[in-house]
Amino acid sequence: MKHFYIIANPGKDFQLGLTKEIHQFIIENGGVCGYQENREQEGVSFDIKRIPDGTECVLVVGGDGTLLGAARNMAERNIPLIGVNTGHVGYLCELEADTVAHGVKHLLDGGGYAIENRMLLAGCCITREGKGKERTALNDIVIHRSGRLQVVDLIISVNGEYLNTYSADGMIIATPTGSTGYSMSAGGPIVDPKANLLLVTPISPHTLNAKSIVLDAEDEITIEVAKRNEEQEEKLEVSFDGGHVGILGAGERIIVKKAKVCTRILKLSQLSFLERLRKKLQGYT
């Protein structure tokens, strides 16, 4: 492997110091590499058209959030991604600042690696104004209360069939990759990221028997906001991988399903999922 590209988060890599080190290391060792900044936190994403055809691997320097943004934007290009963590736990990132040189040298020397295909979610909001733009998420799509501290009623249907109405603070639809994120914090199960399924996890449900539900990856989930208070109009925020997408009111809904494209994650480590999980979760204790 000789052709690389770097997407860097300047908020996590001060003055792109690490990015420039990686870039120089690749060039000095016979590789080809370019880089650009990803300022998605400022509302400006990177330009995928600047990534040359023939790129074999994209290194994403930042943290899990940077990798999530790159995964959403890069899915159509079908180029493997590998994360370089400069943040905190960095569960999704394969490399750290002190191991990236070794990892890149391994790839430059033709060392072995694996590519994991990770499913993406596709979701679109349907409001009084009509059907919104379909967007993708690697971790999760979250519908949660906005403004006043009050519970909301959410009507859940699967493939057009009514499932249940939840009184809760919100609802998380997660992929296996996202099972170690917000879904886990809300009590959802941890799932092997290579699995092919959907997780539905209520946020702080106001009942004792509301648990996460595991659904087939091909299912289509509809979440509708029910009218709960005649005097106060419900307003729920919709987030894709933690980024604000829109607001839903009573009678409005969002449809979530498996995306047609997937993200390719490059893995160097021979550690099993359980070994990686054990090591990473030590960071939460």
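Anything mentioned here points back to the structure above.
Along each chain, residues carry numbers from 1 onward, in the same order as the chain's sequence is written. Since the coordinates come from a predicted model, pLDDT governs what is reported: local features require at least 70, and pairs of side-chain atoms require 80 or more to be given and counted, while whole-chain, interface and lining totals use all residues. The side-chain values count all of the structure's non-hydrogen atoms but skip hydrogen atoms and water molecules.

Peer 1: An account of the sheet that holds strand β12 (residues 170–174) is needed here, citing residue identities and associated values.
Peer 2: Overall, antiparallel pairing links the six strands, which are arranged β14-β13-β12-β9-β16-β17 in an open sheet. Both edges of this open sheet fall to β14 (213–216) and β17 (243–249), since each of them pairs with a single strand only. The average undirected angle you get between the axes of adjacent strands in this sheet is 20°. When DSSP finds at least two bridges between two strands, those strands are taken to pair. In this description a helix means any DSSP run of H or I spanning at least four residues, a strand means any run of E spanning at least two, and both kinds are numbered starting from the N terminus. Inspection of the sheet shows strand β13 (residues 197–203) paired to β14 by four bridges, in the antiparallel sense. Bridge pairing in β14 places L197 opposite D216. Simply put, an axis is a line fit to the C-alpha atoms, just over the touching stretch for a helix, and the angle between two N-to-C directions goes from 0 to 180 degrees.

Peer 1: Help me get a handle on the environment of N117, residues and values and all.
Peer 2: Mapped onto the elements of the fold, N117 is located in strand β6 (residues 114–127). For the pair N117 and P80, spaced 37 residues apart in sequence, the C-alpha separation works out to 9.1 Å. Other than its neighbours up to four places away in sequence, N117 contacts C262, T263 and R264. What makes two residues a contact is simply this: any of their non-hydrogen atoms within 4.5 Å.

Peer 1: If you had to explain the nonpolar core to someone new, which residues and values would you point to?
Peer 2: Burial of nonpolar side chains together is a common tendency in soluble globular proteins. With 27 residues, the main nonpolar core has I141, I223 and I254 as its most contacted residues. For this core, the secondary structure elements donating two or more residues are β6, β9 (140–145), β10 (152–158), β12, β13, β15 (221–225), β16 (235–240) and β18 (253–267). Ignoring anything within four residues of it in the chain, the contact list for I141 reads L121, A122, G123, M171, I172, I173, V238, S239, F240, I254 and V256. Grouping buried Ala, Val, Leu, Ile, Met, Phe, Trp, Tyr and Cys residues that are joined through side-chain atoms within 4.5 Å yields what is termed a nonpolar core. We call a residue buried when its accessible area falls under 20% of the maximum for its residue type, exposed when it is over 50%, and partly exposed in between, using a 1.4 Å probe and counting protein chains only.

Peer 1: Mind laying out helix α3 (residues 100–108), listing which residues take part and the relevant values?
Peer 2: Turning to α3, its buried residues are V100, G103, V104, L107 and L108. Down the axis of α3, the sector holding all buried residues measures 140°, keeping them to one side. Those residues of α3 hidden inside the fold are in contact with β1 (3–8), α1 (17–28), β3 (57–62), β4 (81–85), β5 (95–96) and β18. Phi turns positive, to about 80°, at G110, one or two residues after α3. Each C-beta atom gives one direction from the helix axis, and the arc is the one those directions make.

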